[in-house]
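# Report on the structure
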Amino acid sequence: MTKRFKTGIYSVVVTEDKIETEVLKDVSDVYRFTSRDEFEAAFPEIDGLIVDITPVTDEMMSKMKNLKIVVRHGMGADNIDIPAATKHRVIACNVPRFNLEEVSDYALAAALSLANHLPQYTWKVMHDRSWLLQDLEPKTEVQEMTLGILGLGQIGTLFAQKAKPLFKKIISYDPFMNRERAAALGVEVIDDIDDVFRQADIVSVHVPLTPATRSLVNADRLKLMKKTAFLMNTSRGELVDIDALSAALRSKRIAGAALDVLEGEPIPDMNHPIFREPGIILTPHVAWYSSQSLHKLRVTAAEEVRDAYLGKRPVGQLNEF
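Notes on the structure follow. (Residues numbered from 1 in each chain as written. Predicted model: local features only at pLDDT ≥ 70, side-chain atom pairs only at ≥ 80, totals over all residues. Heavy atoms only, no water.)

What follows is about the side chain of D201. One can find D201 in the loop between α9 (193-199) and β9 (202-205). Looking at D201, its side chain comes within polar contact range of the side chain of K226, at 3.0 Å. If sequence neighbours within four positions are ignored, D201 has contacts with E144, M145, T146, K226, T228, A229 and F230. (Helix = DSSP H or I, 4+ residues; strand = E, 2+ residues; numbered from the N terminus. Polar contact = N/O pair within 3.5 Å; in protein donor to acceptor, adjacent residues only side chain to side chain. Contact = heavy atoms within 4.5 Å.)

The subject of this paragraph is the nonpolar core. Counting 56 residues, the largest nonpolar core has V71, L147, L152, F159, F167, I202 and M232 as the members making the most contacts within it. If you tally residues by element for this core, the top one is helix α5 (residues 100-115), at nine residues. Setting aside its immediate chain neighbours within four residues, M232 contacts A107, A110, A111, L114, F159, I202, V203, S204, V205 and A258. V240, L245, L262 and I280 belong to the second largest nonpolar core, which has 30 residues in total. (Core = buried A, V, L, I, M, F, W, Y, C linked by side-chain atoms within 4.5 Å. Buried < 20%, exposed > 50% of the residue type's maximum accessible area, 1.4 Å probe, protein only.)

Let's shift gears to the packing of aromatic side chains. Overall, the coordinates contain six aromatic pairs when judged by the stated rule. Ring geometry for Y10 and F39: centres 4.5 Å apart, planes at 20°, overall stacked. Of this pair, Y10 sits in strand β1 (residues 5-10) while F39 sits in helix α2 (residues 36-41), placing them 29 residues apart in sequence. Each of the two residues, Y10 as well as F39, counts as buried. Residues F33 and F39 carry aromatic rings whose centres are separated by 5.9 Å and whose planes lie at 35° to one another, so their mutual orientation is tilted. Like F39, F33 is buried. Taken together, Y10, F33, F39 and F43 form an aromatic cluster joined through their ring pairs. (Phe/Tyr/Trp six-rings, centres within 6.5 Å; stacked < 30°, edge-to-face > 60°.)

Another aspect to go through is unusual backbone geometry. In this structure, the amide linkage connecting E265 to the following residue, P266, adopts the cis form with an omega of 15°. Relative to the helices and strands, P266 is located in the loop between β11 (256-259) and β12 (280-282). Even without being glycine, H285 reaches a positive phi, approximately 55°. Its place among the elements puts H285 in the loop between β12 and α12 (291-309).

Taken in spatial order, the five strands make up an open sheet running β2-β1-β3-β4-β5, and their pairing is parallel. Looking at the sheet topology across the chains shown, the edges are occupied by β2 (28-32) and β5 (91-93). For this sheet, the mean inter-axis angle between neighbouring strands, taken without regard to orientation, is 15°. In the sheet, strand β3 (residues 48-51) pairs with strand β4 (residues 69-72) via four bridges, with the strands oriented parallel. (Pairing = 2+ DSSP bridges. Axes fitted to C-alpha atoms, helices over the stretch in contact; angles between N-to-C directions.)

The seven strands lie next to each other as β8-β7-β6-β9-β10-β11-β12, forming an open sheet whose pairing is parallel. Where the open sheet ends on each side, the last strands, each with one partner, are β8 (188-189) and β12. Of the strand pairs in this sheet, β11 and β12 are connected by three bridges, and their pairing is parallel. Paired with A257 across the two strands is I280, which belongs to β12. Against the sheet, α5 engages β9, β10 (230-233), β11 and β12, with an angle of about 160° to β10. Contacts between helix α11 (residues 242-250) and the sheet are confined to β10, β11 and β12, with β11 contributing the most and set at about 145° to the helix.

Right, let's talk about helix α7 (residues 154-163) for a bit. In terms of residue burial, α7 counts as a mostly covered element, since seven of its ten residues are buried. Looking at α7, one finds that the buried residues are I155, G156, T157, L158, F159, A160 and A163.

Taking every second residue as pointing to the same face, both faces of β4 are buried, with I69 and V71 on one and V70 and R72 on the other. Between the parallel elements β3 and β4, the chain passes through helix α3 (residues 58-63) in a crossover that is right-handed. Inspection of the sheet shows β4 paired to β5 by three bridges, in the parallel sense. Each bridged residue has a counterpart across the sheet, and for I69 the counterpart in β5 is I91. Following the backbone out of β4, through helix α4 (residues 82-87) and into the adjacent parallel β5, one traces a crossover that is right-handed. (Right-handed = clockwise from strand over helix to strand, strands pointing away.)

Here is the structure:
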């Protein structure tokens with residue numbers, strides 16, 4: 001008799017498991033865990049695991065003796081210890097390309113909102129109860145602004161394509177970028193990342209989180225920016241030194257920011273001063289979030305688990321052994 005597998009889901013993305021149960025119905029039972037205790041109690045039984053940004057560590061995998069595959073509900077897989085997964089012969093996967101349009105759309109919307117001073121104007125009305133023009137800083141025309149993109153990968157490229165007709169110039173730093181592709185996009189390649197901070201009116205972060213990129217945006221780089229410039233981050237919270245950014249906003253070292261991610265997720269420090277700064281857009285990691293992307297994410301993650309059970313190579317496999 002063919003073995004029936006057990007797939008565990010520990011992810012805020014899933015509020016019911018109908019989609020996953022349908023995809024896996026021929027090969028696996030599906031268990032959705034709603035607490036850490038439930039999740040940990042099931043470690044010895046799990047054959048496949050789907051998680052959000054919950055850390056999946058070497059210690060955890062050593063307790064999952066049957067684990068064959070772990071799939072991250074998202075593109076970034078920095079929460080999975082991939083070398084440990086390889087050591088334990090566990091396939092580690094992400095779900096690429098499920099949210100490219102959504103995140104690039106969000107980035108464009110945030111950039112235009114910042115450029116038009118919508119957060120500052122809203123703050124003046126809502127918090128200062130002011131309707132006086134003389135209390136407001138005038139904005140700069142978007143057509144006169146330079147957009148700086150850190151990371152010209154799939155999302156950065158789409159963002160550049162959508163923003164190109166609106167901004168005066170787009171510059172980008174990415175040590176791995178294809179210069180011919182950048183030229184075709186009309187994006188100027190910058191060889192020194194600090195020059196992006198110096199030149200851009202808006203700096204938008206689209207890089208993966210690695211040891212080298214942690215605190216990529218720090219106090220020193222914020223000091224390089226124009227006082228009228230804005231910072232955006234839709235990638236990972238740890239890319240930005242949040243204390244330094246809060247200080248820069250408070251001292252008017254820069255004009256504003258848009259953050260969809262914060263260090264400490266899924267529950268960041270909600271008492272941090274960043275939540276009290278005017279001129280900022282803060283959203284709870286929702287740039288990717290649409291009905292279409294959510295469905296595609298869940299289906300694809302379940303399909304990856306199914307393929308692993310059937311001996312097929314998952315599309316998003318990140319390791320080899």
